[in-house]
Amino acid sequence: PAGPVYAVTGANGCGKSTIFGILASCGRSRVVLPVGVELDPGGRIVLPSDDIVEITQQLYCPLHMQPISWLLQVPDARALPKDVVEASVKKLHELFLELQFSSRSSSSSSNSSENQSSASSESTGTVDLFAERDDWYGELSGGQRVKAEMIAKVFMRSSCPHMLLLDEAFAP
């Protein structure tokens, strides 16, 4: 069921990102606060769920990784059962088409996964999902990076997160 939607607005530097960082870290880890910002040690923040996904202005993808592993948010997609990978690739292709996601420069497939690679990149013109590359994410435009974040952290999940924090994710 759909829940309420809230917007946090304000001038640059007023603390919007700090608030999102505090909310995203609730119950998980200690947030690093900007100099001069303090939390009331007796205060509480109560959230409806600990299922929180945050997509920030500072997007990140590790180097030397297969795009399929990052998009599925697993250390190594090769360790997943074949049927899970095939279903995930099919869903990714559908999302890529729907979001008009294509890479500026598709890479050639690696020898170890040639069949999977060519099948995954030929049908949509997207980034080669199975070829481990130094920095495939760095080759994407800003808009493509946001789409990749949304795909990995929201659309590939089995259910929607209870809280989705978008911190200027679509800003130029």
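All values reported here derive from a predicted model rather than from experimental measurement. (Residues numbered from 1 in each chain as written. Predicted model: local features only at pLDDT ≥ 70, side-chain atom pairs only at ≥ 80, totals over all residues. Heavy atoms only, no water.)

Colleague: Looking at this structure, how should I read the pattern of salt bridges?
Modeller: Pairs may arise between side chains of opposite charge once their charged atoms sit close together. In this structure the tally under the stated criterion is five salt bridges. Aspartate 76 is the salt-bridge partner of arginine 78, the closest N and O atoms lying 2.9 Å from each other. On the accessibility criterion, arginine 78 (54% relative accessible area) is exposed. A salt bridge links arginine 133 to glutamate 139; its shortest N-O distance comes to 2.2 Å. (Salt bridge = Lys/Arg side-chain N within 4 Å of Asp/Glu carboxyl O. Buried < 20%, exposed > 50% of the residue type's maximum accessible area, 1.4 Å probe, protein only.)

Colleague: Which parts of the structure should I look at to understand the environment of proline 62?
Modeller: Locating proline 62 in the fold gives a position in the loop between strand E1 (52–55) and helix H2 (67–71). A relative accessible area of 24% means that proline 62 is categorised as partly exposed. Each C-alpha atom of the pair proline 62 and aspartate 134 lies 8.9 Å from the other, and the pair is 72 residues apart in sequence. (Helix = DSSP H or I, 4+ residues; strand = E, 2+ residues; numbered from the N terminus.)

Colleague: Can you walk me through the layout of surface pockets in this structure?
Modeller: Space left empty within the atom packing is revealed by a probe, the size of a water molecule, rolled over the atoms. A volume near 810 Å³ is recorded for the largest pocket. Around the largest pocket, the lining is made up of 24 residues, and of these Pro4, Val5, Tyr6, Met163 and Leu164 lie nearest the centre. For the lining of the largest pocket, the secondary-structure elements that each account for two or more residues are helix H1 (16–25) and strand E2 (163–166). (1 Å grid on protein atoms, 1.4 Å probe; cavity = no way out; pocket = protein on both sides within 12 Å on 5 of 7 lines; lining within 4 Å. Points joined across faces, edges and corners; volume = space filled by probe spheres on them.)

Colleague: Help me out: how do you make sense of the side chain of aspartate 167 in this one?
Modeller: Looking at the secondary structure, you find aspartate 167 in the segment after E2. It is lysine 16 that comes nearest to the buried, bridge-free aspartate 167 among opposite-charge side chains, at 7.0 Å. Within the local environment of aspartate 167, its side chain forms a polar contact with the side chain of serine 17, the two groups lying 2.7 Å apart. In this structure aspartate 167 touches Ser17, Phe20, Ile55, Thr56 and Gln57, once residues within four positions along its chain are discounted. (Lys, Arg positive; Asp, Glu negative; His and termini not counted. Polar contact = N/O pair within 3.5 Å; in protein donor to acceptor, adjacent residues only side chain to side chain. Contact = heavy atoms within 4.5 Å.)

Colleague: Whenever I open this one, helix H3 (residues 82–98) confuses me. Can you help?
Modeller: Taking 1.5 Å of rise per residue, 17 residues should cover 24 Å, and H3 covers 24 Å from first to last C-alpha, within 8% of that figure. Along H3, the positions that sit buried rather than exposed are Val85, Ser88, Val89, Leu92, His93, Leu95 and Phe96. Seen along its axis, H3 keeps its buried residues to an arc of 165 degrees; they face one direction. Exposed residues pointing more than 90 degrees away from the buried face of H3 are listed as Asp83, Lys90, Leu97 and Glu98. Note on H3: the residue one or two positions beyond its end, glutamine 100, has a positive phi of about 55 degrees. (Expected span 1.5 Å × (residues − 1). Arc of directions from axis to C-beta.)

Colleague: Teacher, can you tell me more about unusual backbone geometry here?
Modeller: With a phi angle near 55 degrees, histidine 64 is a residue other than glycine that sits in the positive phi range. Tracing the backbone shows histidine 64 in the loop between E1 and H2. We note that glutamine 73 has phi near 60 degrees; this positive angle belongs to a residue other than glycine. Here glutamine 73 lies in the loop between H2 and H3.

Colleague: In this structure, what is going on with H1? I would like to understand it.
Modeller: Because each turn of an α-helix spans 3.6 residues, side chains separated by three or four positions in sequence point in the same direction. With seven of ten residues buried, H1 is to be regarded as a mostly interior element. Buried residues of H1: Lys16, Phe20, Gly21, Ile22, Leu23, Ala24 and Ser25, and no others. On the buried face of H1, the contacting elements are E1 and E2.

Colleague: Is there a simple way to explain the packing of aromatic side chains in this structure?
Modeller: The geometry of an aromatic ring pair comes down to the distance between the two centres and the angle between the two planes. Counted according to the given criterion, the structure contains four aromatic pairs. Here tryptophan 70 and tryptophan 136 contribute two aromatic rings whose centre-to-centre distance is 6.0 Å and whose plane-to-plane angle is 65 degrees, an arrangement assigned as edge-to-face. Taken together, the residues tryptophan 70 in helix H2 and tryptophan 136 in the loop between helix H4 (114–122) and helix H5 (142–155) connect sequence positions 66 residues apart. Residue tryptophan 70 shares its accessibility class with tryptophan 136, and that shared class is buried. Taking the centre distance of 5.6 Å and the plane angle of 80 degrees together, the rings of tryptophan 136 and tyrosine 137 count as edge-to-face. Here tryptophan 136 matches tyrosine 137 in class, with each residue buried. Aromatic rings pair up to connect Trp70, Trp136 and Tyr137 into one cluster. (Phe/Tyr/Trp six-rings, centres within 6.5 Å; stacked < 30°, edge-to-face > 60°.)

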